[in-house]
Structures are given as structure tokens and as C-alpha cells.
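Below are the chains, spelled out letter by letter.
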Amino acid sequence: MAALLDGLPATERKRFQVIDDHFSVGMIRSDPPDHTRLRKLINKAFVPRVVAESRSQIESLVDQLLEPWSDPLEVDLVKDFAYPLPATAICQMLGVPPEDRNLVHEWTLGINAVIVGTLPLREAAAKMQKALLELQEYFRNMIADRRQALRNDLMSLLVTAKDELEQLSESELLSTAENLFSAGHETTTSLIANGVVTLLKHPEQWQRLCENPGAPDLPMAIEEILRYESPVQRQTRVVRHNCNLAGQQRGHHFFYSL
Ligand code: HEM
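Residues numbered from 1 in each chain as written. Predicted model: local features only at pLDDT ≥ 70, side-chain atom pairs only at ≥ 80, totals over all residues. Heavy atoms only, no water.

This part takes up the domain arrangement of the protein. Here the domain parsing of the protein yields domain 1 (2-184) and domain 2 (202-258). Here the C-alpha centre of domain 2 lies 22 Å away from the C-alpha centre of domain 1. (Domains from an automatic or database assignment.)

This is the structure we're talking about:
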């Protein structure tokens, strides 16, 4: 993020300190040993027992979302299913009440403005910083609330790691909460939507799944859709030292898309 924002003139660059601070910590953006410590914490929320409990919650959420669908079927797949399903699921995990779901979603869209890259850099950075400040304020209120009374949610786990176990700093807490929220829903929305479009383009595969709706066909189909129409089509990496990459000499700040 810092390397992207370095595209701004130095005087303006200073205005976006909040972005620098946010993006220099947190699980997805760190290397070991910080990454190992943060990842170990979050893993607690994804042990098989907890995942099994979420499965039944997510299944009943699917039933609720499908309930109003009538025949002949006319729905907006993203609006009516692919977005609310993972967004509600991650809200439930983190402890964000359903009525605030769209609010937090708008902030995460704003936070992605620089990464998406459709706006001029200056405008995108301003949008990102505004959304980031608002989301942080929202999460700070949630954290204060959990300090009064812990609940059975991911935010309480993060607050305990910060206050009782001293394994997390305040900024890591905020960054990790934001990361989980955005990582936890946009990708799955795209997976569902890309998956349906792909199956519509390949009706014989659709038919095969309808005839064999369980394992092994369904899990294999999901894996294949992830590969064939991936929700994340590239990953950037910063080369931290001069090195020879694919026969070319590369230095600091070269972005490599996988
Ligand atoms: C189809 C769904 C998903 C796709 C395609 C996807 C994709 C990815 C990718 C490509 C990365 C690696 C980023 C990197 O290497 O820099 C990643 C990391 C991550 N994702 Fe997902 N993701 C999905 C669903 C989820 C969900 C549902 C959650 C949370 C509930 C989540 C949370 C995370 C976290 C926390 C990381 C960072 C892991 C780490 O640094 O150790 N993702 N995801």
C-alpha cells in the first residue's frame, strides 16, 4: 500500500498516514514472526468444532434466503443471495449486528478503493482514508462494548488476545477485524456468482450436479470453479531484496502478480 501511495507528491503523501498505519500491521499483511502469532490466534476461531457449529447456522441462513424465491424464478442472484449469505455469516462470526451489515460493507468497499484502482490515486486514497476512519470508529465502539461483557464471537476473542493475553496490539486488533470482514465476504460473493454463471455456460455440468448433488461431485465442482473462474485473479507481492526473478533482475518495490 505504501508503495502504491508513493505515486502521490510528497506533500500529499503525508495526509494519508492513517492508511500507512493500518496497512503496515495485521495478519494478511505481515511476515513471520508477526504473521505466525496473529494466525495462531485466529486459527482458534476456525477449529473443526467451531466450523461445524457455523455450518448449521449457515445452512439455516441459506434456507431463509431461498424461502421467498418463487416459480417462475426471477432473482438478482448477487443482491438476493451471493452477497447477503457470506456477509451475514461473517457478521455473525465477528459479532456485527445484521442491521449494520450494509454499513460495514460500504466501508470495506471504500477501503478497497486504492486496490481496485478505478479512481485516480488521490481520490481513491481520500475515499479509502475516510472509510477506514469510520470503520475504525465503529470497531472501537464494538471493542468497548466487548470490554464491558465478552460474548461468543470473534471480536471478543480478539479483545481477549489484546487485553488478557497481551498477544495483540490495538492497531493489530483493528486491522485484523477489518481484514476478516472484507476477506470473509467479497470473495465468497464472487465464488457463488461466478459459479452460477459458469454452470449456466456449461449446462451439461449443471445437469450432472443436479443428478449428483452430494460428494464427490459438488465439492469437486466448487474447487474447479475456484480454479477456473477464480474470485482472486492475481496476488501482488513486494520483493524486499534485489533478486533474479524469471531471468530478470528485480529490486525493492517490484510488484509480482501471481
Ligand atoms: C471463495 C472464497 C475465498 C477466496 C477465493 C479467498 C482467497 C484468499 C486468498 C487468495 C488469500 C491469500 C492472500 C495472500 O496470499 O496474500 C486469502 C487469505 C485470507 N483469507 Fe480468504 N478467501 C476466501 C474466503 C475467505 C473467508 C470466508 C474468510 C474468513 C472467514 C477468509 C479470510 C482470509 C484470511 C484471514 C486470510 C489471510 C490468511 C493469512 O494471512 O494467513 N477468506 N484468501
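With that settled, consider the packing of helix α13 (residues 186-201) against helix α15 (residues 217-228). Interaxial distance between α13 and α15 falls to 10 Å at its minimum, and their mutual angle equals 95 degrees. Compared by their axis directions, α13 and α15 come out roughly perpendicular. Residues Leu191, Asn194, Gly195, Thr198 and Leu199 of α13 form the contact with α15, whose own contacting residues are Ile222, Ile225, Leu226 and Tyr228. In the contact of α13 with α15, the residues fall into six nonpolar, three polar and no charged. (Axes fitted to C-alpha atoms, helices over the stretch in contact; angles between N-to-C directions. Helix = DSSP H or I, 4+ residues; strand = E, 2+ residues; numbered from the N terminus. Parallel < 35°, antiparallel > 145°, perpendicular 65-115°, else oblique. Contact = heavy atoms within 4.5 Å. Nonpolar A, V, L, I, M, F, W, Y, C, P; charged D, E, K, R; others polar.)

Here we take up helix α5 (residues 48-66). With 19 residues, α5 ought to run about 27 Å at 1.5 Å a step, and its terminal C-alpha atoms sit 27 Å apart, in line with that. Residues of α5 that are buried include every one of Ser54, Leu61 and Leu65, and no others. Considered in projection along α5, the buried side chains sweep an arc of 40 degrees and stay on one side of the axis. With respect to the buried face of α5, the exposed residues turned more than 90 degrees away are Pro48, Arg49, Arg55 and Asp63. (Expected span 1.5 Å × (residues − 1). Buried < 20%, exposed > 50% of the residue type's maximum accessible area, 1.4 Å probe, protein only. Arc of directions from axis to C-beta.)

Relative to the helices and strands, Pro68 is located in the loop between α5 and α6 (77-82). For Pro68 and Asp80, which are twelve residues apart along the polypeptide, the C-alpha to C-alpha distance reads 9.9 Å.

Moving on: the site of the ligand. Close to the ligand lie 17 residues; His35, Arg39, Thr187, Gln235 and Arg237 are nearest. Here a nitrogen atom of the ligand sits 3.5 Å away from a polar atom, N or O, in the main chain of Ala183. Of all the secondary structure elements, the ones that give two or more residues to the shell around the ligand are α4 (34-43), α12 (170-183) and α13. Residue classes in the shell around the ligand are distributed as ten nonpolar, five polar and two charged. (Near = heavy atom within 4 Å. Polar contact = N/O pair within 3.5 Å; in protein donor to acceptor, adjacent residues only side chain to side chain.)

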